[in-house]
Amino acid sequence: MTVTDKNGMGLGLYSLAVGLVYMFVGGAQFVNGFIGYETWIVPGDWFQGLVLVIIGLVFSWGYILMRKGDQEWDSYLAIGSLLAGIIFALYLFMMLANGLGWMLGFEDWLEWTLIEQFQPGLWLFAVAIPGAYLTMKEHV
Amino acid sequence: MNRVRTVLGDDPEITFAEKRYTMISGILEECLTKTETGMTFSDKLDKVLLNKYLGIPIFLILVWALFQFSIEASGVFMVIIETALVTVGEFFGTLLAGNEIAASLVQDGIFGGFAFILPFLAPIFLMFLGIAWLEDSGYFARAAFVMDKLLRKLGVHGKTFIPMMLGFGCNIPAIMACRSIEGEKDRMISILSNPYISCGARLPVYVLFAAAFFPGFEGSVIFLMYMLGLAVAIFTAWLLRKTFFKGEPEPFIMELPIYRVPTLRESVLHMWERGVVFLKKAGTWLFLGAIILWFMSAFGPAGYLGTDPDVSVSYTGILGGLIQPIFAPLGFDWRLGAALIFAFLAKEIAVESLGIIFAVEGNVAIGGALAGVFSPATAAAFMIFILLYIPCIAAVGTIKSETNSWKWTLFSIVYSIIIAYVIAAIAFVLLSAIGLGVIGGA
């Protein structure tokens, strides 16, 4: 994306903020997975938690490089947004597939609810949308 | 080459590549006017995806996402295929109701067998679609590049990772792809370490066992199985380098393609090319396997055992009983033992044979039957054994033709059985120690 002196710091702070949110929620999901604590918004799953932490790390890495004066730091914002988008698309596809099973009335899906599919990787993407939009606008 | 190496003081391959690119740069400088400087989008992506610290974690995220996509989202499509096959089987069974043996062969043997195997087309096709996306986007070449740093530290050629990635689809073309590796030692290491990469044929076994014993964590459990296969392949490559094929790996020079957005048409085409191999196998080997399995389970020394046979007294039961004592420390009984023997033909047959042995219809029913008899620790040990022991008969034939050596083929078979047994036993003991050794203890 086009990073100028004017928007550079703002984008960098945005990248850091998104990174911290992903790392915080991912960390909580990771810990919940180990201790067996469940909330509907952050269910326990240490694997998924780890994935979100790594995505958060990619976002934050960009900010660190920006502070060091690296001109290409926005690559990390682009890749972070891309990974966040991939995970979002993955959960959306899973939600649609399971919704189909529920609609067709298959036995294993009778007790399926939309809320159980509402994984952090899905709703967290809301904060990554501006970054994903900028990346798409610039490069795709 | 050795003389060139001495004169240049560096590896000739690297020197030639450097000279070639210096020349290309020179020509470009003379004939090309650049209007804009700076990094291209591909360069920017590489800056992150090939990052020293983030490269491998990002690779793991993408592989994890691939398995989540193919496993967690395919369940409903599996049920649709299974329901259709069971219904058709019942229809033909009704048509042949007058002849008990023929009706059993068609309904339980042929359609029953297909109802266990064909539903796995859904996760297999979705996995191949995901692999096609990664490949067509230009990322796969980067994955090999990222892993080269790690592999080189272990004395393994970076190019070995490319056949390893192909092995996620099928080990046979992957072993054949090792021909592209120049050094003889590097090529042998690549061939002999490739069978531990989990191919698509193992996937049905994982899907069945992970859903039955680790509900809610299927995708992550299967991801772990694939990572275990990759780790054993790398360990085997390291071991071979340290023992039979001593020396330094040849240099790894590779041109990275630019990134591009994969088109749906190309990706679907690549998915079809790979998936159709499984479909063809279902129509030939698995069809034959279903008939052999039905015969061996419906008949015993006493003759035809009836419509609801006691499989323990059938030929399958006798065969499984023979090897059962060897596998008792892993928690396997004669049924899992028999499934392992048949799986040598093709790994998917393990699912088919368990279906026939347990005399149930459909994967949900067989999953329930398995969960009622075995513990999660035994299930994990079985998945690990299926992953690591002798690849299918066709892969063994390919190892023989590619190594041109019975000695190395035999080594591959014996080593795989030993390593499968040892790792499965370790997993069984560890999981039992944390309370997963009891039936229903997931």
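Residues numbered from 1 in each chain as written. Chains lettered and ligands numbered in written order. Predicted model: local features only at pLDDT ≥ 70, side-chain atom pairs only at ≥ 80, totals over all residues. Heavy atoms only, no water.

1. Let's talk about the overall build of chain B
Scanning chain B from terminus to terminus reveals 22 helices and two strands. In terms of overall dimensions, chain B has a C-alpha envelope of 85 × 45 × 40 Å along the principal axes. Within the span of chain B, comprising 442 residues, buried residues form 55% of the whole. A separation of at least 24 residues holds for 75% of the contacts in chain B among residues at least 6 apart in sequence. In the form shown here, chain B has an accessible surface area of approximately 19,000 Å², with 68% of it arising from carbon and sulfur atoms. For chain B, the separation between the mean place of its 29 positive charges and that of its 33 negative charges on side chains is 11 Å. (Helix = DSSP H or I, 4+ residues; strand = E, 2+ residues; numbered from the N terminus. Buried < 20%, exposed > 50% of the residue type's maximum accessible area, 1.4 Å probe, protein only. Contact = heavy atoms within 4.5 Å. Areas by Shrake-Rupley, 256 points an atom, 1.4 Å probe, with all protein chains shown as cover. Lys, Arg positive; Asp, Glu negative; His and termini not counted. Charge placed at Lys NZ, Arg CZ, Asp CG, Glu CD.)

2. Focus on the overall build of chain A
Helix and strand content of chain A: five helices and zero strands. In sequence order, chain A lays out its α and β elements as α-α-α-α-α. When the backbone C-alpha atoms are referred to their principal axes, chain A occupies close to 55 × 35 × 15 Å. For chain A, buried positions account for 48% of its 140 residues. A fraction of 67% describes how many contacts in chain A between residues 6 or more apart in sequence connect residues 24 or more apart.

3. Here's the deal with a nonpolar patch on the surface
Residues and elements named next belong to chain A. A cluster of nonpolar side chains, namely Val31, Phe34, Ile35, Tyr37, Trp46 and Leu50, defines an oily patch on the protein surface of about 620 Å² accessible area. Elements supplying a minimum of two residues to the nonpolar patch: helix H1 (5-35) and helix H2 (46-67). Considering every element that reaches the nonpolar patch, the biggest residue donor is H1, with three residues. Tracing the backbone shows leucine 50 in helix H2. (Patch = residues over 30% accessible without salt bridge, like charges linked within 9 Å, V, L, I, M, F, W, Y side chains within 5 Å. Salt bridge = Lys/Arg side-chain N within 4 Å of Asp/Glu carboxyl O.)

4. Some thoughts on the domain arrangement of chain B
For chain B, the assigned domains are domain 1 (2-37) and domain 2 (47-267 + 276-436). Computed over C-alpha atoms, the centres of domain 1 of chain B and domain 2 of chain B are 44 Å apart. (Domains from an automatic or database assignment.)

5. Remarks on the side chain of serine 15 of chain A
Residues and elements named next belong to chain A. Its place among the elements puts serine 15 in helix H1. At 2.8 Å, the side chain of serine 15 and the backbone oxygen of phenylalanine 59 are in polar contact. When sequence neighbours within four positions are dropped, the list of residues in contact with serine 15 reads Phe59, Ser60, Trp73 and Leu77. (Polar contact = N/O pair within 3.5 Å; in protein donor to acceptor, adjacent residues only side chain to side chain.)

6. Looking at unusual backbone geometry
Backbone geometry places asparagine 404 of chain B, a non-glycine residue, at a positive phi of 55°. Mapped onto the fold, asparagine 404 of chain B is located in the loop between helix H21 (393-403) and helix H22 (406-436).

7. Regarding the environment of glutamate 184 of chain B
Inspection of the secondary structure assignment puts glutamate 184 of chain B in helix H11 (residues 184-193). Separated by 170 residues in sequence, glutamate 184 of chain B and leucine 354 of chain B place their C-alpha atoms 41 Å apart.

8. Quick word on the packing of aromatic side chains
Residues and elements named next belong to chain B. Under the counting rule described, the total for this entry stands at 34 aromatic pairs over all chains. Residues phenylalanine 295 and tyrosine 315 carry aromatic rings whose centres are separated by 6.4 Å and whose planes lie at 20° to one another, so their mutual orientation is stacked. Placement of the pair is phenylalanine 295 in helix H15 (residues 285-298) and tyrosine 315 in helix H16 (residues 315-327), with a sequence separation of 20 residues. Accessibility expressed as a relative area gives 40% for phenylalanine 295, which makes it partly exposed. Ring plane angle 70° and centroid distance 5.6 Å describe the contact between phenylalanine 332 and phenylalanine 382, whose orientation is recorded as edge-to-face. Note that phenylalanine 332 is positioned in the loop between H16 and helix H17 (334-342) and phenylalanine 382 in helix H20 (residues 376-388), a separation of 50 residues in sequence. As far as the burial class goes, phenylalanine 332 and phenylalanine 382 line up, both buried. Between the NZ or CZ atom of arginine 142 and the centre of the ring of tyrosine 259, over which it lies, the distance is 3.9 Å. (Phe/Tyr/Trp six-rings, centres within 6.5 Å; stacked < 30°, edge-to-face > 60°. Lys NZ or Arg CZ within 6 Å of the ring centre and 35° of its normal.)

9. Points about the environment of isoleucine 434 of chain B
Residue and element names in this part refer to chain B. Summarising the element assignment, isoleucine 434 is placed in helix H22. Isoleucine 434 gets classed as exposed once you look at its relative accessible area, which sits at 62%. When the C-alpha positions of isoleucine 434 and alanine 377 are compared, they lie 9.5 Å apart, and in sequence the two are 57 residues distant.

10. Quick look at the interface of chain A and chain B
Many authors give the size of an interface as the accessible area that is lost as the parts come together. Listed per partner, the contact involves 35 residues of chain A and 32 residues of chain B. Across the chain A/chain B interface, buried area totals approximately 2,900 Å², and carbon plus sulfur atoms make up 83% of it. The closest approach of N and O atoms between lysine 44 of chain B and glutamate 72 of chain A, which form a salt bridge, is 3.9 Å. Summed over the shared surface of chain A and chain B, the number is three residue pairs in polar contact (both at pLDDT 80 or more). Looking at the side of chain A that touches chain B, the elements with two or more residues in it are H2, helix H3 (74-103) and helix H5 (125-139) of chain A. Looking at side-chain class alone, the side of chain A that touches chain B contains 23 nonpolar, seven polar and five charged residues. (Buried area = accessible area lost by both parts, 1.4 Å probe. Nonpolar A, V, L, I, M, F, W, Y, C, P; charged D, E, K, R; others polar.)

11. Quick notes on the packing of helix H12 (residues 203-213) of chain B against helix H13 (residues 218-242) of chain B
Residue and element names in this part refer to chain B. Running from N to C, H12 and H13 cross one another at 140°; their axes reach a closest spacing of 9 Å. The pairing of H12 with H13 is recorded here as oblique in orientation. Between H12 and H13 lies a crossing whose hand is right-handed. From H12, Leu203, Tyr206, Val207, Ala210 and Ala211 reach across to H13, where they touch Glu218, Val221, Ile222, Met225 and Tyr226. (Axes fitted to C-alpha atoms, helices over the stretch in contact; angles between N-to-C directions. Parallel < 35°, antiparallel > 145°, perpendicular 65-115°, else oblique. Left-handed = near helix turned anticlockwise from the far one by under 90°.)

12. Quick word on the nonpolar core
If you look at the biggest cluster of nonpolar residues, it comprises 172 residues, and the most contacted ones within it are Tyr22 of chain A together with Ile58, Phe161, Phe209 and Phe382 of chain B. At 12 residues, the largest contribution of residues to this core is made by H13 of chain B. (Core = buried A, V, L, I, M, F, W, Y, C linked by side-chain atoms within 4.5 Å.)

13. Describing helix H7 (residues 121-136) of chain B
Residue and element names in this part refer to chain B. Here H7 is 16 residues long and its end C-alpha atoms lie 22 Å apart, about the 22 Å a rise of 1.5 Å per residue gives. Most of H7 sits out of view: 14 of its 16 residues are buried. In the stretch just after H7, glycine 138 is the one whose phi turns positive, near 95°. (Expected span 1.5 Å × (residues − 1).)

14. Considering the pattern of salt bridges
Applying the stated criterion across every chain yields a total of 10 salt bridges over all chains. The salt bridge involving arginine 187 of chain B is made with glutamate 184 of chain B; its shortest N-O contact spans 3.5 Å. Of this pair, arginine 187 of chain B and glutamate 184 of chain B both sit in helix H11, three residues apart, which is roughly one turn of that helix. Judged by relative accessible area, which is 15%, arginine 187 of chain B ranks as buried. A relative accessible area of 48% means that glutamate 184 of chain B is categorised as partly exposed. A salt bridge links arginine 335 of chain B to aspartate 333 of chain B, with the nearest nitrogen and oxygen atoms 2.7 Å apart. Residue aspartate 333 of chain B is classed as buried on the basis of its relative accessible area, which comes to 15%. If you follow the salt bridges from partner to partner, you end up with Glu72 and Asp74 of chain A together with Lys44 of chain B in one network.

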